[in-house]
Amino acid sequence: MTLRNNGLYIDRLSMNFGGVVVFEDISIEAPPSKVTACIGPNGAGKTTIINIVCGVFPPRAGKVYIDGVQLSGVRPFNTVRYGLCRSFQDVRIFPSLTAIENVLVAMPNHLSGLFLPGGWRQERANRERARHLLQAVALESAAERAAGELPFGQQKLLSLVRAIATGARVLLLDEPAAGLESDLIPHVVDLIRSLVKAEGRATFLVEHNIELVRQVADQICVLQAGRIIASGDVRRVLDDQTVIREYLGQVYNV
Amino acid sequence: MEHLLYIGTLIAVWTIVALAANLVIGYTGMMSMGQAAYLGVGAYVTATLNILLGVNFYLALLIGSIITAVVGAITLLPLLRIGGFYFALATLGINFVFFDFFHNLAPRVEGSEGLYGLQLPDLLASSAPRFATTVAVAIACALLCQAIVTSPLGRALRATRDRPDALAALGKDPRRYQVLIWTFAAGLTGLAGGLYAATLFYIDPTLFTLDASILVLVYIGVGGLASTTGSVLGVILLIAFNESLRFLGLPSQFVGPFQQAIYGLLLILLMIFRRRGLVGKYDFTE
Amino acid sequence: MTILLQVLSTGVGLAGYYALIAVGFALIFGTLRIFHVAHGTVFMIAGYAFFSLHRLLGVNVFASAVVGVFCAVVAGLAIDKIVYGPVLRRGGGMFAVFIASLGAALIVEAGFLAWSKGVVSVARTGMLDTFIVGGVAFRAFDFVIFAFVAAAFGALYLWLHRTSTGLEVRGLTDNAYLAAVVGVNVRRTRYAIFLIASALAGLAGVLVAYDTGLEPSIGFKMLFIGVVAVILGGVRNILLGTVVGATCLGVLTAFAGFLFPEWNSFTIFLIMIVLIIIRPQGILG
């Protein structure tokens, strides 16, 4: 399958903590230029998938591939070199750095302003790109403010922008809409659509906000009780009666 | 006048120490309570090379600085894996470990506890040129430190201080920056050590104890963390204050304890009311 | 072989003092996460008070000792109230408290420096009895120390396991946050902890003042020895951990003192650093 050579491919992953099985034998494909969402109840193991892919801990079984290259035993700070970057649910921006500095420090060649002959030019180019990214989430006016002073919603947007700034071709977003006021969610949608998909990245996102998923995702998998109970095109899955019954509930108005 | 020049030279030397300490403590968030050890290494290496081996002082200074940087890196590497508080405790232990080294292994002049007899070049031999030279070096160091902290590297250092885990997640190993800045700061401190030896003419192990490391913390704590101006300010204010105590007319045995009591009080007041210091830009809440 | 035993006996003798200091420190650090550097100062205050009363003013040994311990308790509680309280209330974390503690210790040590001018002050007169068993010299006073330590630890055990405050303290050691949530009266427990820890340090101060004498820097020295003993033994089981840590350290320092007499501090702190790197939770942790 040619798709396996691009984007993120999770191959028969199994994980347990002690005696508790988190998930068993799950496979997910997140191809480039598409957004693959993973939904499921709390504790189903969605963040664990991200942690495993990023090398925080190894799976009990299974493999992870980025653009056809297997990741195993890769330390978390090396994953970016493989083209992978994640965002955190609890944000984790650098509070004493300004918003633009947060984005700058994420860039792959952010130190070249110091050493290389063309260094200053690189730094200027970086700043241009950083401003462009901040503009995409309406944070340009806050560029020189300390990130720790920004309200949570803006910090969250900043952390997403920061992950994108790393240039990673595969993005893992851990609940990008969690805790955001509803008027900021369109920014997340725009961000994902314009910067992520348009630039050909593969995105794997874990979410509870079904509306967001419906707006940005191309395909979706539903994780429950350690297994993927449904996967495929987002519209088809979300309309599926089993999914609605098991996870979305009768109340969900499609 | 002699004395004023002497104090001025000391201020310049300690400013270099404070600048280096602020780089690692204020900007990179690595609480080092053992900077005095590096000062001692620099002083002893420089003095030993110059006095016992007849090495030209400038060369001795350079070598001393490099060796101190290496020692700094070696002492840091095993500690990299431990976090905040225990790291500080370990660096505190370094003071005592090095003190015994100096006390037992470092060369000394026959019949005394310390080392003296430096052969200083013209620029450092008498008090006025020495003052001018050390001040020039201090200014150069200040400019260098300022350049570093305003550069992209400074950004990376502050990110390392704030959230090393997030920095790692962005593909940059925080330990690399930690080792880099620590080694550089140790080298700078070693340089200050050599100049310190030149200023005092006589060095012995008791100059490089936990007390001295705490003194450095007080200097940058008062002046302000993560601020080049703060490092300079803290040193000037406190040394000047120290000197002014002589005019109080206290009996000589009380002067030392009084200074110590003031420093202790300053530390407490800083921790209660203003952890960021006078002009500092970082308030640690750990 | 006799030398070995001699060193061991010295070590165990030292361990007694270390245990008294260490257990108080462990109590405070293990429950409140306060790195009470000034614990060594409290120790010193008791010692100097005892020395002044008994040696300089001729007051009876026991009365002086009681006053000494009392001074230690007052000092310990005062430091917590005047220094740690304000730091914590204004958002200071563990590290800020540590620095403030250092400040307090510096102030008090400065006082002693000014007062005694660095002279060692011993409170007793005449030599202490020693008796020789199998070629190894034992000091009679070591048995006195041992008796006190045993009594103190016994009382501490009873307090921790038989009283409600003791139960609360053990709860705090396990999980301070949870303890506060279930309604442990942290303030009252805190008083009790500082009171008992300071009393123990005070007892150690009196004993040391009587036995080997004091000098202004001994506060810091004893404190760090206590710290290393606590790191060695871990804070999970305060009593057992301290005994284990203090004994190991006592024996280690006795050997180090015998083999490398000039490297005392070096040995102790090298041990501390190595421990911090490889096993900060201690032997029992």
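Residue numbering note: each chain is counted from 1, following its sequence as written. Chains carry letters and ligands carry numbers; both start at the beginning, A for chains and 1 for ligands, and go up in the order they are written. Per-residue local features of the predicted model are confined to residues with pLDDT of at least 70, and side-chain atom pairs are confined, for both listing and counting, to 80 or more; whole-chain, interface and lining totals are unaffected and use all residues.

Topic: the overall build of chain C
So the rule is basically this: Each helix is a run of H or I in the DSSP string that is no shorter than four residues. Each strand is a run of E no shorter than two, and both are numbered from the N terminus. The burial label depends on the number of other C-beta atoms within 10 Å of a residue's C-beta. Counts of 20 or more mean buried, 12 or fewer mean exposed, and intermediate counts mean partly exposed, with C-beta atoms placed from the backbone. Here, residues touch in the contact sense if the C-beta positions derived from the backbone fall within 7 Å of one another.
Counting its secondary structure elements, chain C contains 11 helices and 2 strands. The linear arrangement of helices and strands in chain C, starting from the amino end, is α-α-α-α-β-β-α-α-α-α-α-α-α. The C-alpha extent of chain C, read off along each of the three principal axes, is 55 × 45 × 35 Å. For chain C, with 285 residues in total, the buried portion stands at 50%. Considering only contacts in chain C between residues 6 or more positions apart, those separated by 24 or more positions represent 76%.

As for the arrangement of the chains
Looking at the 2 pairs of chains with contacts, the pair that accumulates the most is chains B and C. Without any contact between them, chain A and chain C keep their closest C-alpha atoms 17 Å apart.

Comments concerning the confidence of the model for chain C
All names here are of chain C. Note the cut-off: For every residue, the predictor states its confidence as a pLDDT score lying anywhere from 0 to 100.
Averaged over all residues, the pLDDT of chain C is 85; the fraction at 70 or higher stands at 92%. Of all the helices and strands in chain C, helix α7 (residues 176-181) carries the lowest mean pLDDT, 64, while helix α3 (residues 61-89) carries the highest, 93. Interface predicted TM-score (ipTM) for the complex: 0.86; the corresponding pTM is 0.89.

What about the interface of chain B and chain C?
Just so we agree on the cut-off: For this classification, Asp, Glu, Lys and Arg are treated as charged, while Ala, Val, Leu, Ile, Met, Phe, Trp, Tyr, Cys and Pro are nonpolar and the rest, including Gly, are polar.
Chain B puts 35 residues into the contact, and the matching count from chain C is 34 residues. Looking at the side of chain B that touches chain C element by element, the count peaks at 14 residues for helix α12 (residues 252-273) of chain B. Residue classes in the side of chain B that touches chain C are distributed as 24 nonpolar, 8 polar and 3 charged.

Remarks on the nonpolar core
Under the convention used in this document: One nonpolar core equals one set of buried Ala, Val, Leu, Ile, Met, Phe, Trp, Tyr and Cys residues connected by C-beta atoms within 7 Å.
Within the largest apolar cluster, 279 residues are counted, with the highest numbers of intra-cluster contacts made by C:Y18, C:L20, C:I21, C:A46 and C:A100. Other than its neighbours up to four places away in sequence, C:I21 contacts C:F43, C:A201, C:A204, C:M222, C:I225 and C:G226.

Quick word on the interface of chain B and chain A
The interface is formed by 17 residues belonging to chain B together with 23 residues belonging to chain A. Within the residue set of the side of chain B that touches chain A, elements represented by two or more residues are α7 (152-162) and α8 (164-169) of chain B. If one sorts the elements of the side of chain B that touches chain A by residue count, α7(B) sits on top with 7 residues. For the side of chain B that touches chain A, the residue count by class is 9 nonpolar, 2 polar and 6 charged.

Looking at the pairing of strand β6 (residues 84-87) of chain A
Residue and element names in this part refer to chain A. Rule in force here: A pair of strands is treated as paired once DSSP finds two or more bridges between them.
Here β6 shows no split at all, with L84 and R86 on one side and C85 and S87 on the other all buried. Pairing of β6 with strand β7 (residues 170-174) involves 4 bridges; the strand directions are parallel. Pairing of R86 across the sheet is with L172, part of β7.

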